[in-house]
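Chain residues, written in single-letter form:
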Amino acid sequence: MTNSSAVAATAGCAAAVPQQQHQQSSALWHGLGLFGESYLLFSIGTLRPLWEALYPLCFSSSAASSCPRPYLTYNSLSYSVVLGVMLGMVVVGSLAGRIGRRNGSLLTASIMVGGASALTLASVLLSGDGGDGRPDVLFMVMSASLFVFGIGVGGEYPLSASLASERAMAAMNERRRLEEQEEGRITSRTLGEQAATDFMSSRLLTASHNGDNVKVKERSSNIDHHHSWQITRSANMKQIEHYSVTQQAQSSFTTTARKQTNQNNKISSKTLTRGREVIVVFSMQGLGIFANSIILTFLLMLTKRKVQQEQQQLQGDDNYDNSSGYINQYHDQITLLYIWRIIYAIGLAILIYVLLSRMRHLTESEVWTQERLRRDEELQGQRWQQLGGCRSEEEEGKSDGFVPPSLSPTDGRVKEENRQQQQQQQQQQQQQSETQLLFKHYGIRLFGTSITWLLWDIAFYGNKLFQSSFLLALTGENATLTQISGASAVNAFVALLGYYAAAFIVDKPSIGRLRLQQTGFVITGTLFLLCGFLSAHLSSATLVIFYLGSSFFGQCGPNCTTFLIPAEVFPTEMRTVCHGISASAGKLGALIASILFTFAKTDNALFLISGYTSFAAAICTFLTIPDLTTLDLYEIDKYWRMILNGSEYEYDGAALDPRHLSYLERRKNR
């Protein structure tokens, strides 16, 4: 190895270490937006016990309530945030396909920072101190702030999923390029070995011919040597032939084996980390929920000890109970207010960091950029074809010496305006045509990703937004704030383990996305139904195990796969739009859940609704969702370009393989 080669190899090894470390931390950094939004979004459920303690009349159905329409006071928070999320998923998801992933991510982060700032200010300025606040105004302002915050949250879903999927596609493409280069080097090395073999054979043949001449001269002097020479020459020729055949066989075997090894490496590299990277990013949502619960529990435990010590110092009695100044003998209203404000301030600080770090470090998606440039080139070529006749006539006039009359500024401006209007009309017609083609070729998938996400969110978001009702059913009506928050933290931790378990197994071809989603729906549905039907006959410990099991298998299954699948089954150009539509349908399910769970008469009904919707989603998954675990997503982009060009019937690639189609798509293609 030369000195320059050694230096280059050393530099490459040194650069590989920080690159590997960057890849390990990249998913966590890209998921910070989901971490911040989930930290604040799901605090609606974890903070409700505090709000009930601070403003009990606003959660009472009594006619003497100080809150007008107390039923809508708190529930407006859930409704407004869900509506904002739905709007953001559709609007920002559509914009991201035009303005780019980076600009879209900056937009969502800015909106979330604005909404979180308004929430934090409302908790400080309108909550009051010691019960002198205006809860009716407070909850209305919080509802408006959560609506704005929800728009940013809605845009974060399709953007984070698409960015993670496209980063995995770009990394896969880079690995494939390096593997092809390595295969080229192996082929060159094999050709060199073959040349060396040919050279060796020619040398042996030359030696044999030289020996032939010598033996001919000696034959006249010693006839007995003739027979020996023939034997020697025959042996040499057989040796040469055997050596040549052996080397060719070894070379052919080596080349075939190496090509097969490279092909296996390509297949494994395509499917090794794509799903894992998307789910690791999405797991930051679960980490945000867990962080919210654990911080709240820590603050309640910390202030609980302080209040008890002050109470003992003032009264000298461990059983002292001041019902007007303390809640459940542990926390007064001032303490609860500060806990609430600290929770929101932490969430705001996280989102500000997300915005600033994205402004400095976030780069545009390579896959989106390449696809956009390729699409622009095709459109430009189509425009030149449409304008080719006029352009050729002008060129002919110039070649004949004809000079067209000059236009006045007014005529030139009118002509430019007409040209711009024609281009806008063409773009609108093209967008309408693309939408029609999308529904024609991917309508079943879009319906499947939307309906399964909708049905799952009825169970999942109903569980989270009204988590306190679930936990009270498990801990009992006399549970303290600390006990409820602690139970919530345990549930969030078990769910977080489900995220990581899904990331570990989702790329295994024996499991894949489809089987993982179906199995998760069936298991969680069964556990929810058991909690609903047998709650009166089972012990509290058994019910807790069932409920925590539903949290684990809900994450290690439908909650992760409903986020992952829409980021894979659609072409890059339409990915954020389709993911936004699917996620928006999911939030519609959350809105339905907030209504259904509010009118549920018993706690058992909460579990039964979640169970029935889970089984319905399992059936929809079987019918409409394809499994693309082992598919190169560039095949989907290739097929989509042929669809846009009107040559989809000429495509004969892996995207139309029955293994990568849903049940209804296979029936449709028969």
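**What about the overall build of the protein chain?**
- Helix and strand counts for the protein chain come out as 20 helices and 0 strands.
- Every one of the 670 residues in the protein chain was classed for burial, and the buried ones make up 46%.
- Across the protein chain, contacts joining residues at least 24 apart in sequence account for 87% of those joining residues at least 6 apart.
- Surface accessibility of the protein chain: about 33,000 Å² in total, with carbon and sulfur atoms responsible for 59%.

**Focus: the side chain of S550**
- With respect to the helices, strands and loops of the structure, S550 is situated in helix α16 (residues 540-564).
- Of the residues examined, S550 reaches a relative accessible area of 4% and is grouped as buried.
- Within the structure, the side chain of S550 is placed 2.5 Å from the backbone oxygen of Y547, a separation counted as a polar contact.

**Digging into the packing of helix α15 (residues 512-534) against α16**
- Orientation of α15 relative to α16, taken along the N-to-C sense of each, is 150°, at an axis distance of 8 Å. By the angle class used here, α15 and α16 are roughly antiparallel. Relative to α16, α15 is oriented so that their crossing is left-handed.
- Partitioned by chemical class, the residues of the contact of α15 with α16 number 14 nonpolar, 9 polar and 1 charged.

**Here's the deal with the packing of helix α2 (residues 32-41) against helix α10 (residues 333-361)**
- Relative to each other, α2 and α10 sit at 160°, their axes nearing to 9 Å. As far as their axial angle goes, α10 and α2 are roughly antiparallel. In this structure, α2 meets α10 at a crossing whose hand is left-handed. The segment α2 lies against α10, with L32, G33, F35, G36, E37, Y39 and L40 engaging I343, Y344, I346, G347, I350, L351, Y353, V354 and R358.
- The residue inventory of the contact of α2 with α10, partitioned by class, reads 11 nonpolar, 3 polar and 2 charged.

**Details of the pattern of salt bridges**
- Tallied over the full model, the rule gives 10 salt bridges.
- When the shortest N-O distance is used, the salt bridge between E568 and R513 registers 2.6 Å. Pair noted here: E568 is in the loop between α16 and α17 (575-599) and R513 is in helix α15, with a separation of 55 residues, a long-range link. R513 carries the same exposure label as E568, and that label is buried.
- Among the charged side chains, a salt-bridge network with shared partners connects R274, D507, R513 and E568.

**Digging into a nonpolar patch on the surface**
- On the surface, a cluster of nonpolar side chains totalling about 580 Å² of accessible area is made up of L83, L87, V90, V91, L95, I99, F147 and V148.
- Put simply, the parts of the chain that give the nonpolar patch at least two residues each are α5 (70-99) and α7 (135-219).
- Ranked by residues supplied to the nonpolar patch, first place goes to α5 with 6 residues.

**Observations concerning the environment of Y547**
- Relative to the elements of secondary structure, Y547 occurs in helix α16.
- A residue is classified by how much of its surface remains accessible, and Y547, at 1% relative accessible area, is buried.
- The sequence separation of Y547 and L530 amounts to 17 residues, and the corresponding C-alpha distance is 9.4 Å.

The rules behind these values
- Residues numbered from 1 in each chain as written.
- Predicted model: local features only at pLDDT ≥ 70, side-chain atom pairs only at ≥ 80, totals over all residues.
- Heavy atoms only, no water.
- Helix = DSSP H or I, 4+ residues; strand = E, 2+ residues; numbered from the N terminus.
- Buried < 20%, exposed > 50% of the residue type's maximum accessible area, 1.4 Å probe, protein only.
- Contact = heavy atoms within 4.5 Å.
- Areas by Shrake-Rupley, 256 points an atom, 1.4 Å probe, with all protein chains shown as cover.
- Polar contact = N/O pair within 3.5 Å; in protein donor to acceptor, adjacent residues only side chain to side chain.
- Axes fitted to C-alpha atoms, helices over the stretch in contact; angles between N-to-C directions.
- Parallel < 35°, antiparallel > 145°, perpendicular 65-115°, else oblique.
- Left-handed = near helix turned anticlockwise from the far one by under 90°.
- Nonpolar A, V, L, I, M, F, W, Y, C, P; charged D, E, K, R; others polar.
- Salt bridge = Lys/Arg side-chain N within 4 Å of Asp/Glu carboxyl O.
- Patch = residues over 30% accessible without salt bridge, like charges linked within 9 Å, V, L, I, M, F, W, Y side chains within 5 Å.

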